[in-house]
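Notes for the structure review
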Amino acid sequence: MNSSSTVKNDDILLKLCHSVSHVLSSTSASHVSHAGMVQSISRTRLKPDLACFSIFDGGFSGLVVINFSAAAAIEIYRRYMLNMGMPETELAFSHTSDDVSNVMGELMNQILGGFIGKISKELQTSISQSQPKMLVINKELTISVDTNLDNAVARRVSFKTENNHIFYLEFAMDKTEFIRSADFEMDEEFDLDSLIETHGKAAQVNTAKSKDVLNDPNIKGIVVDDADDLLSELGL
């Protein structure tokens, strides 16, 4: 989020784009990126081949749609499942498979969960989301989604997978601004995975040092001498 005193729709959209890229990249062990350009659109639509959408409400209301091509959906699904340790022979090959829809729905849930958590914290507001819905859409069908928003702002951003397959995020929400007060201080963000990794490395270093101390004959001699002195003082 930018450091200016006002947070607008496109700032919130950028946070959502970061969440999409981060979740899909980390869960599929690949590189998913979004375009630097944002397209202004009149309304959101569910498009072929696999569309996922979710509604959110609370501090502000809106709709998130991700339209995956068949190739993009299958690539992300297969990379995700292989990263989870599933054998390749057990994976689906068609985007119409229920398994693909279930996985993409779970990833959408993770994307929105991370996005809403950060936005709620940074804007100090409460937002809830609906359960993501997946639809396999025929090539000849496009579904327009009426968001019932007052003065809605709609945007589209393109994303690219590691194998250069394209999919699109469409985002609509109330036109809004969050104005930061003079005494507002944002809590510092931290990456939980990095924190765990740092503490894990520190623990390994401490364990190695402990082993070196125990294996040092000079240290052992000092410990034994100190113990003998203590027993002598106690008359034992």
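Refer to the structure above for everything that follows.
These remarks concern the structure in this document. (Residues numbered from 1 in each chain as written. Predicted model: local features only at pLDDT ≥ 70, side-chain atom pairs only at ≥ 80, totals over all residues. Heavy atoms only, no water.)

Digging into the overall build of the chain
Filter applied, for reference: What counts as a helix is a DSSP run of H or I of at least four residues, what counts as a strand is a run of E of at least two, and both are numbered from the N terminus. Each residue gets one of three labels from its accessible area relative to the maximum for its type: buried under 20%, exposed over 50%, partly exposed in between, using a 1.4 Å probe on protein chains only. Contacts: residue pairs with any heavy atoms within 4.5 Å of one another. Only the protein chains shown count as cover for residues, and all accessible areas are computed by the Shrake-Rupley method using a 1.4 Å probe.
Counting its secondary structure elements, the chain contains 5 helices and 12 strands. Among the 236 residues that make up the chain, the fraction classed as buried is 37%. Of the contacts formed within the chain by residues at least 6 apart in sequence, a portion of 71% connects residues at least 24 apart. Accessible surface, the chain as shown: approximately 13,900 Å² in total, 52% of it carbon and sulfur.

Thoughts on the pattern of salt bridges
As a reminder, the rule being used: Only one rule defines a salt bridge in this text: a Lys or Arg side-chain nitrogen within 4 Å of an Asp or Glu carboxyl oxygen.
Taken as a whole and judged by the stated rule, the model has 8 salt bridges. A salt bridge links Asp10 to Arg155, with the shortest nitrogen-to-oxygen separation between them at 3.0 Å. Placement of Asp10 in helix α1 (residues 9-28) and of Arg155 in strand β10 (residues 152-160) is noted, with a sequence separation of 145 residues between them. The partly exposed category is assigned to Asp10, whose relative accessible area is 38%. Note that Glu162 and Arg79 form a salt bridge whose closest N and O atoms lie 3.8 Å from each other. Residue Glu162 is located in the loop between β10 and β11 (166-174), and its partner Arg79 is located in helix α2 (residues 70-83); the two are separated by 83 residues in the primary sequence. Residue classification places Glu162 among the partly exposed positions, given a relative accessible area of 41%. Using a relative accessible area of 24% as the deciding quantity, one classes Arg79 as partly exposed. Within this structure, Lys47, Arg156 and Glu170 form a network of salt bridges that share partners.

Description of the packing of aromatic side chains
Under the convention used in this document: Only centres within 6.5 Å qualify two rings of Phe, Tyr or Trp (six-membered ring in Trp) as a pair; their planes then separate them into stacked at under 30 degrees, edge-to-face at over 60, and tilted for everything else. Sitting over a ring, as applied to charges here, requires NZ of Lys or CZ of Arg to be within 6 Å of the ring centre and within 35 degrees of the ring normal.
Under the criterion given, the structure shown has 6 aromatic pairs. Plain terms: the ring middles of Phe56 and Phe60 are 5.6 Å apart, the flat faces sit at 85° to each other, and that makes the pair edge-to-face. Neither residue differs from the other here; Phe56 and Phe60 are each classed as buried. A centroid spacing of 6.0 Å and a plane angle of 20° characterise the contact between Phe56 and Phe171, whose relative ring orientation is stacked. Taken together, the residues span a long stretch of sequence, with Phe56 in strand β5 (residues 50-58) and Phe171 in strand β11 at a distance of 115 residues. Residue Phe56 shares its accessibility class with Phe171, and that shared class is buried. One cation-aromatic arrangement involves Arg78 over Phe93; the distance from NZ or CZ to the ring centre is 4.6 Å.

With respect to the nonpolar core
Here is the rule: We call a set of buried Ala, Val, Leu, Ile, Met, Phe, Trp, Tyr and Cys residues a nonpolar core when their side-chain atoms join them within 4.5 Å.
Of all hydrophobic cores here, the largest spans 45 residues; its most connected members are Ile12, Leu16, Phe60, Met104 and Phe167. Ignoring sequence-local partners within four residues, the contact set of Met104 consists of Leu50, Phe68, Ala73, Ile76, Tyr77 and Met134. Ranked by size, the runner-up nonpolar core spans 5 residues in total, among them Leu46, Ala51, Leu63 and Ile137.

As for unusual backbone geometry
Excluding glycine, residues mostly have negative phi values, and the peptide bonds linking residues are mostly trans. Cis peptide bonds are those with omega within 30 degrees of zero, and the linkage from Pro48 to Asp49 qualifies with 10°. As for its placement among the helices and strands, Asp49 is situated in the loop between β4 (44-46) and β5. Of note, the phi angle at Ala29 is positive, near 55°, even though the residue is not glycine. The exposure class of Ala29 is exposed, given its relative accessible area of 53%. Even without being a glycine, Asn164 presents a positive backbone phi close to 65°. Topologically, Asn164 is positioned in the loop between β10 and β11.

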